[in-house]
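One letter stands for each residue in the lines below.
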Amino acid sequence: MEDVAGWCGLYQGEDVAWSDPGFSEGEDVDVFIDDEVLECLWTSQKPTMSTFRFGQHIIKSSVVFLQSDLSFALVNRKPVVRGHVLVCPKRGVERFQDLRPEEVADLFLASQKVAKIVEEHFQATSLTIAIQDGPEAGQTVKHVHVHILPRRTGDFERNDNIYTELQKHDQETHEGLGQWRNEEEMASEAADLRKYFV
């Protein structure tokens, strides 16, 4: 039921954008909708999602700090640098080329807003903004996402080392720069960032 409630948050105008990658368009699917979700489908109010799908992961709203019509931003479970965040389309799309034009526009507008705040909040002087589009590019979560990393002078011995760290940062076996964070740490950072977008 939690997944269906999450899908409800993708409601746009008269269409419901079903984003679960396990279903194909036109496929018969049994969906059980409770009263809360039904209310969401029949009102014009933009619902607040309690969970978000990020590839194979279910993300709690406590770690999400921005939500637009078609995108959301969340703090990173294992940041490469302090303040490393992600911006994702709400619809679960694996490759950048598969995004709809309105999703691309929304994703980049959301990324621009997030980048400005992240640079300010974490007192950075520059940003690295990257998309790993496909497994050979280092993408490990099959859901388009933009990495926004605040940068400072001397944060890496060689500036481009950030790409090496980015490629291996979320692999379970890698003991790189960052460590896996717990939900409380992530929720606290998200709450701090969420204040900028109210």
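Look up a bit, the structure's there.
Cut-off values and rules
- Residues numbered from 1 in each chain as written.
- Predicted model: local features only at pLDDT ≥ 70, side-chain atom pairs only at ≥ 80, totals over all residues.
- Heavy atoms only, no water.
- Helix = DSSP H or I, 4+ residues; strand = E, 2+ residues; numbered from the N terminus.
- Buried < 20%, exposed > 50% of the residue type's maximum accessible area, 1.4 Å probe, protein only.
- Contact = heavy atoms within 4.5 Å.
- Pairing = 2+ DSSP bridges.
- Axes fitted to C-alpha atoms, helices over the stretch in contact; angles between N-to-C directions.
- Phe/Tyr/Trp six-rings, centres within 6.5 Å; stacked < 30°, edge-to-face > 60°.
- Core = buried A, V, L, I, M, F, W, Y, C linked by side-chain atoms within 4.5 Å.
- Salt bridge = Lys/Arg side-chain N within 4 Å of Asp/Glu carboxyl O.
- Lys, Arg positive; Asp, Glu negative; His and termini not counted.
- Polar contact = N/O pair within 3.5 Å; in protein donor to acceptor, adjacent residues only side chain to side chain.
- 1 Å grid on protein atoms, 1.4 Å probe; cavity = no way out; pocket = protein on both sides within 12 Å on 5 of 7 lines; lining within 4 Å.
- Points joined across faces, edges and corners; volume = space filled by probe spheres on them.
- Nonpolar A, V, L, I, M, F, W, Y, C, P; charged D, E, K, R; others polar.

### Focus: the overall build of the chain
And then number 1: The helix and strand inventory of the chain stands at 5 helices and 9 strands.
And then number 2: Listing the helices and strands of the chain from first to last along the sequence gives α-β-β-α-β-β-β-β-β-α-β-β-α-α.
And then number 3: Here the chain, with 198 residues, has 44% of them falling under the buried criterion.
And then number 4: In the chain, the share of contacts with a sequence separation of at least 24, taken over all contacts with a separation of at least 6, comes to 62%.

### Some words on the pairing of strand β6 (residues 71–75)
And then number 1: Within β6, 5 of the 5 residues are buried, which leaves it mostly tucked inside the rest of the structure.
And then number 2: Going residue by residue along β6, you find S71, A73 and V75 tucked away on one face and F72 and L74 tucked away on the opposite face as well.
And then number 3: Between strand β5 (residues 64–67) and the antiparallel strand that follows it, β6, lie 3 residues.
And then number 4: Sheet analysis places β6 next to strand β7 (residues 85–89), joined by 5 bridges and oriented antiparallel. Note on β7: the bridge partner recorded for A73 is V87.

### Comments concerning the sheet that holds strand β9 (residues 146–151)
And then number 1: Pairing in this open sheet of 5 strands is antiparallel, and the strands run β5-β6-β7-β9-β8 from one edge to the other. Two strands lie at the open edges of the sheet, namely β5 and β8 (126–130), each paired on one side alone. Across this sheet, the average inter-strand angle for adjacent strands is 20°, counted without regard to direction.
And then number 2: Sheet topology places β7 next to β9; 3 bridges connect them, and they run antiparallel. Residue pairing across strands places V87 opposite V146, the latter belonging to β9.
And then number 3: Here helix α5 (residues 183–194) sits on the sheet and contacts β5, β6 and β7; the angle it forms with β5, its principal contact strand, is near 35°.

### Points about the packing of aromatic side chains
And then number 1: Across all of its chains, the model carries 3 aromatic pairs by this definition.
And then number 2: Centre to centre, the rings of F96 and F108 are 6.0 Å apart; their planes meet at 90°, and the pair counts as edge-to-face. With F96 in the loop between β7 and α3 (101–121) and F108 in helix α3, this residue pair connects regions lying 12 residues apart in the sequence.

### Re the nonpolar core
Nonpolar side chains in soluble globular proteins generally cluster together in the buried interior.
And then number 1: Ranked by size, the top nonpolar core spans 31 residues in total, and within it F65, V87, V114 and I148 carry the most contacts.
And then number 2: For this core, the element with the highest residue contribution is α3, accounting for 6 residues.
And then number 3: With residues up to four places along the chain from it excluded, the contact list for F65 reads A73, L74, V75, V85, V114, A190, L193, R194 and F197.

### A word on the pattern of salt bridges
And then number 1: Applying the stated criterion across every chain yields a total of 6 salt bridges.
And then number 2: Between R151 and D155 there is a salt bridge, with its nearest N and O atoms 2.8 Å apart.
And then number 3: Relative accessible area serves as the criterion here: at 6%, R151 is assigned to the buried category.
And then number 4: With relative accessibility at 28%, the residue D155 sits in the partly exposed group.
And then number 5: As a salt-bridge pair, K195 and D192 come within 3.9 Å of each other at their nearest N and O atoms.

### Describing the side chain of D106
And then number 1: Here D106 shows up in helix α3.
And then number 2: Of the side chains bearing the opposite charge, K113 lies closest to the buried D106, which forms no salt bridge; the N-O distance is 7.2 Å.
And then number 3: Within the structure, the side chain of D106 is placed 2.5 Å from the side chain of S68, a separation counted as a polar contact.
And then number 4: In this view, D106 contacts S68, D69, L70 and S71; residues no more than four positions away in its chain are not counted.

### So, the layout of surface pockets
And then number 1: Counted as a void, the largest pocket has a volume near 540 Å³.
And then number 2: If you trace the largest pocket, you find 28 residues lining it, with F54, H57, I59, R77 and W180 closest to the centre.
And then number 3: At the level of secondary structure, the elements contributing two or more residues to the lining of the largest pocket comprise β4 (57–60), β6, α4 (161–168) and α5.
And then number 4: Of the residues contributing to the lining of the largest pocket, the split by class is 11 nonpolar, 11 polar and 6 charged.

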